[in-house]
There are 2 protein chains.
Amino acid sequence: MAVTGELHDTVAARLQQGDSRYTRHRRALIEVLRVAKQPMTIAEILAVATDLPQSSVYRNLAVFEETGLVQRLVGAGDFGRFELAEDLLGHHHHLVCSSCGSMLDVELPAELEAELERALATLARRKRFQLHAHRLDLVGLCRDCAAAGRAS
Amino acid sequence: MAVTGELHDTVAARLQQGDSRYTRHRRALIEVLRVAKQPMTIAEILAVATDLPQSSVYRNLAVFEETGLVQRLVGAGDFGRFELAEDLLGHHHHLVCSSCGSMLDVELPAELEAELERALATLARRKRFQLHAHRLDLVGLCRDCAAAGRAS
DNA sequence: ATGAGTGCAAAGGCTTTGCATTAGG
DNA sequence: CCTAATGCAAAGCCTTTGCACTCAT
């Protein structure tokens, strides 16, 4: 969505609106998420950014989540995974590997996505549900795990 | 899907295949899930079945999950929710309330469901992903929370 | 300056486990 | 009978917090 350079400006601006500061650690955290090809667990983030103290990561992810800059997902394992929010990354869905727990971003064909949205809106209306968003995950084995032949 | 009476037989049979027993507690747990109109958290289960010790609930849900009789879901809050597996309950999706965390089962129009499945299969093939299942959640405000006007 | 952010370590809270006991088949 | 299941309480583990210090604006 936003160009690499723009991202940090967007984040900075959004944070300042809430009297929050865009500190070195926060910048590093956003950078980790930007570079990642997939939603990350906190453990993964800590492994990559060894200089970030655990508590800062937890606290800043919470701040980002409240600010709507980052969203928490849940894949196959039991841990949450974090990625940049959809308005920064664009709407998409996930390939969730039930063997290794990885999550990969994918986009639906625009046509289907549009039809799905229409249908869900209708369904929500019928159920008196105030629809804000939808999540669609494909669950199965990622390329690597399928090749490795493990089925767990 | 299965008629009420059949359910317990099905569960019993499935458990016996794995050298597991269908005990009083397990029966009670399945019954709680059967009666529930929506996926339940462990706290909710414990509140309803006050005679079930916590550790039994945890252990038995784990057993059921491994046996494929129950599946764990994650809604809006941070807790897992449990419901009978799809082959017992039928394929469906969820209305997830981001205010109160409740989850309600819903079915997609069969036509759309079929088309969605076709499209996802194609997508998976293209990504070399071995698709086993999909999850689709509608996120927003349930009828009650929307009426109450709370937006959190 | 001056309050948000940080860092360490302690506290918290849900979940899992150990072990002796009970009960299902 | 023999092994799985149970129940209590202890142990685990990820996450959250308290508090004094530091840095961004």
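Whatever comes next refers back to the structure up there.
Predicted model only: the values in this text are computed from it and were never measured.

Explanation requested: the protein's contact with DNA strand C in the structure shown.
DNA strand C sits among 18 residues. The nearest are Arg 21, Arg 26, Pro 53 and Arg 59 of chain A together with Tyr 58 of chain B. For DNA strand C, the backbone makes up 59% of the atoms found within 4 Å of the protein, where backbone means sugar plus phosphate. Between a base nitrogen of DNA strand C and a side-chain N or O atom of Arg 21 of chain A, the distance comes to 2.8 Å. Elements that contribute at least two residues to the surface near DNA strand C include exactly helix 2 (24-35) and helix 4 (54-67) of chain A together with helix 4 (54-67) of chain B. Considering only residue class, the surface near DNA strand C consists of four nonpolar, eight polar and six charged.

In this structure, what is going on with a positive patch on the surface? I would like to understand it.
A cluster of basic side chains, namely Arg 126, Lys 127 and Arg 128 of chain A together with Arg 143 of chain B, defines a positive patch on the protein surface. By the element assignment, Arg 128 of chain A lies in the loop between helix 6 (110-126) and strand 5 (130-141).

Is there a simple way to explain the interface of chain A and chain B in this structure?
You'll often see interface size given as the accessible area lost when the parts meet. Facing the 35 residues of chain A at the interface are 35 residues of chain B. Here chain A and chain B share an interface that buries about 3300 Å² over both sides, 65% of which is from carbon and sulfur atoms. Counting the contacts that link chain A with chain B gives four salt bridges. In this structure, Asp 137 of chain B engages Arg 135 of chain A in a salt bridge whose closest nitrogen and oxygen atoms are separated by 3.0 Å. Our count for the chain A to chain B interface comes out at ten residue pairs in polar contact (both at pLDDT 80 or more). Among the elements that take part in the side of chain A that touches chain B, strand 5 of chain A stands out by supplying twelve residues, more than any other. The class makeup of the residues in the side of chain A that touches chain B is 21 nonpolar, five polar and nine charged. Bridge count between strand 5 of chain A and strand 5 (residues 130-141) of chain B: eleven bridges; the pairing is antiparallel. Bridged to Leu 136 of chain A within strand 5 of chain B is Leu 136 of chain B.

About the criteria used
- Residues numbered from 1 in each chain as written.
- Chains lettered and ligands numbered in written order.
- Predicted model: local features only at pLDDT ≥ 70, side-chain atom pairs only at ≥ 80, totals over all residues.
- Heavy atoms only, no water.
- Near = heavy atom within 4 Å.
- Polar contact = N/O pair within 3.5 Å; in protein donor to acceptor, adjacent residues only side chain to side chain.
- Helix = DSSP H or I, 4+ residues; strand = E, 2+ residues; numbered from the N terminus.
- Nonpolar A, V, L, I, M, F, W, Y, C, P; charged D, E, K, R; others polar.
- Patch = residues over 30% accessible without salt bridge, like charges linked within 9 Å, V, L, I, M, F, W, Y side chains within 5 Å.
- Areas by Shrake-Rupley, 256 points an atom, 1.4 Å probe, with all protein chains shown as cover.
- Salt bridge = Lys/Arg side-chain N within 4 Å of Asp/Glu carboxyl O.
- Lys, Arg positive; Asp, Glu negative; His and termini not counted.
- Charge placed at Lys NZ, Arg CZ, Asp CG, Glu CD.
- Contact = heavy atoms within 4.5 Å.
- Buried area = accessible area lost by both parts, 1.4 Å probe.
- Pairing = 2+ DSSP bridges.

Don't take any of this as a statement about function, it's just geometry.
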